[in-house]
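Here is how the chains run, residue by residue.
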Amino acid sequence: MIEGLSIPIPQRLLLIRVTVCISLIISVLLSLNLWGGERTFPYAPAFDISYVKAPYDYFFAAFFLLFILGSLFLKRHRLLIFVALLLAAGMVVFDMNRLQPWLYIYCAFLFVLMFYNGRIDDANKFTSFFIVLQLIFCSVYIFNGISQLNSAFAENAFPDLISPLQGMMSERQFLFVKKIGVFTPYVLLFIGIGLLIRVIRYLAITFALLFHVLLVIFLFPTPINQNYAMWFCNITFIPLLFLLFSGKTKQRYYSPTLLLQFPLFYLVIILFWVMPFFNQKNLWPDNLSANFKSGNVNEAEFRFSKNVLDELPPYVRHFCISADSVYILDYNSWCRDELNTNCYREIITFNNIYYYLQTRSRASVNDLQMTLKPKHKLLFKP
């Protein structure tokens, strides 16, 4: 019989905190252009405020990294994490593009752990913290699976994901692998639910491990796959997977009813198990809904004349595609190339891109148009 990790829950909580902090530092460094420095991709402040311009924005990022790093070595780590989370929230307010899924998940873990005082004599308390982290982790798989239950994922997103295999296989073999994409959402749903059910947990852990290893391979940084932090997130999920679910993860006399007396439980249920259902109605952002590589995201199309194109910087022109007598901006490639991440696909970002194009070219309504595209229709509606 496989016993798994034989690590007590308090030590697991410590290792989880260390893993998340180190991963957060590496992820910010992998997407450093998103957090500071000169850039052409428009900022998307949450409110009508002036954003912090380069090079002063580096100070926020530097202090954020210092506080996270300090929490690994100093005794008052909970205070340092609290300040770091405030800085993260401030940086997101100045630019919503920084609200990346990995940042949201890591910060949610640290927010929960911030309330844990490290005591090992109260099994009910530290087990409740541990279960709350498990719920956050499982919700990522479940809602990722739900978001991929649409034709756009099987037809577009999945073939793009496995495109590195195209040069290694015959056309018939590649078409066969493409058809497997139909089962991917169901595998993710099985992982998310299976991790919560003890009798099938080891099978779910095996599937999750294989899933992340494949994503580490397919999303390996290349000129096409430029979202480096999201790629690294799959590496981080592997140790978290084992720390959260492998081996004995429940105290013998612990009762799940104790969760009902735990305030963080209700907060996590609302943010990670209720609000993502509103994503399909555009009442909750994609980046907070584990809506990764689903093809089921908000889109906008920017069409403009050659007069607008000629006024844009050469670097931005590189991402403009000719379509008949007009040009279309590939803003996704622009963001990935410059900021090494995906842009925040909500109306606030689209409006700022439109404003950037308009002010750079002083375009009229006839020269520049923005069309918003609704999300793809789900085959399964939660």
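Residues numbered from 1 in each chain as written. Predicted model: local features only at pLDDT ≥ 70, side-chain atom pairs only at ≥ 80, totals over all residues. Heavy atoms only, no water.

1. Some points on helix α15 (residues 331-339)
Every buried residue of α15 is accounted for by Y331, N332, W334, C335, E338 and L339. The buried side chains of α15 occupy one side of the element, clustering within an arc of 160 degrees when seen end-on. Looking at the buried positions of α15, the neighbouring elements they touch are α2 (32-35), β1 (299-304), α14 (314-317), β3 (326-329) and α16 (347-361). Of the residues trailing α15, N340 is marked for its positive phi of about 55 degrees. (Buried < 20%, exposed > 50% of the residue type's maximum accessible area, 1.4 Å probe, protein only. Helix = DSSP H or I, 4+ residues; strand = E, 2+ residues; numbered from the N terminus. Arc of directions from axis to C-beta. Contact = heavy atoms within 4.5 Å.)

2. Let's talk about the environment of F129
For F129, the position within the fold is in helix α6 (residues 123-147). For F129, a relative accessible area of 3% translates into the label buried. Between the alpha carbons of F129 and L13 there is a distance of 8.4 Å; along the sequence they are 116 residues apart. Not counting residues up to four positions away in its chain, the partners in contact with F129 are V112, F115, Y116, F262 and L264.

3. Structural notes on the state of the cysteines
Taken as a whole and judged by the stated rule, the model has 0 disulfides. The closest cysteine sulfur to the non-disulfide-bonded C21 is located on C107, 9.8 Å from its own sulfur. (Disulfide = S-S within 2.5 Å.)

4. Regarding the packing of aromatic side chains
Summed over all chains, the structure comprises 21 aromatic pairs. For the pair F220 and W231, a centre-to-centre distance of 5.6 Å together with 85 degrees between the ring planes defines the contact as edge-to-face. Taken together, the residues F220 in the loop between α10 (201-218) and α11 (228-245) and W231 in helix α11 connect sequence positions 11 residues apart. Residues Y331 and F350 carry aromatic rings whose centres are separated by 5.6 Å and whose planes lie at 70 degrees to one another, so their mutual orientation is edge-to-face. Here Y331 is found in helix α15, whereas its partner F350 is found in helix α16, with 19 residues between them in sequence. (Phe/Tyr/Trp six-rings, centres within 6.5 Å; stacked < 30°, edge-to-face > 60°.)

5. Points about the environment of F126
Among the secondary structure elements, F126 is positioned in helix α6. Through-space distance from the C-alpha of F126 to that of P10 is 6.7 Å; in sequence the pair is 116 residues apart.

6. Structural notes on the pattern of salt bridges
According to the stated counting rule, one finds 6 salt bridges in the structure shown. Across the pair D95 and R39 runs a salt bridge whose closest N-O atoms are separated by 2.8 Å. Of this pair, D95 sits in the loop between α4 (77-94) and α5 (101-113) while R39 sits in the loop between α2 and α3 (57-70); the two residues are 56 residues apart in sequence, bridging distant segments of the chain. Take D95 and R39: they sit in the same class, and that class is buried. Salt-bridge contacts for E301 lead to R303; the nearest nitrogen and oxygen are separated by 3.3 Å. The class of E301 is buried, set by a relative accessible area of 18%. Residue class for R303 comes out partly exposed when judged on its relative accessible area of 29%. When salt bridges with common partners are traced through the structure, they connect E301, R303 and K373 into a single cluster. (Salt bridge = Lys/Arg side-chain N within 4 Å of Asp/Glu carboxyl O.)

7. Notes on the sheet that holds β1
The 4 strands are arranged β2-β3-β1-β4 in an open sheet whose pairing can be described as antiparallel. The sheet is open, and its two edges are formed by β2 (320-323) and β4 (368-373), each paired on a single side. With strand direction ignored, the average angle separating the axes of adjacent strands in the sheet is 30 degrees. With 6 bridges connecting them, β1 and β4 associate as antiparallel partners. The residue of β4 that forms the bridge with E299 is K373. Across the sheet, α16 is in contact with β1, β3 and β4; its angle to β4 comes to roughly 170 degrees. (Pairing = 2+ DSSP bridges. Axes fitted to C-alpha atoms, helices over the stretch in contact; angles between N-to-C directions.)

That is the geometry; function is a separate question.
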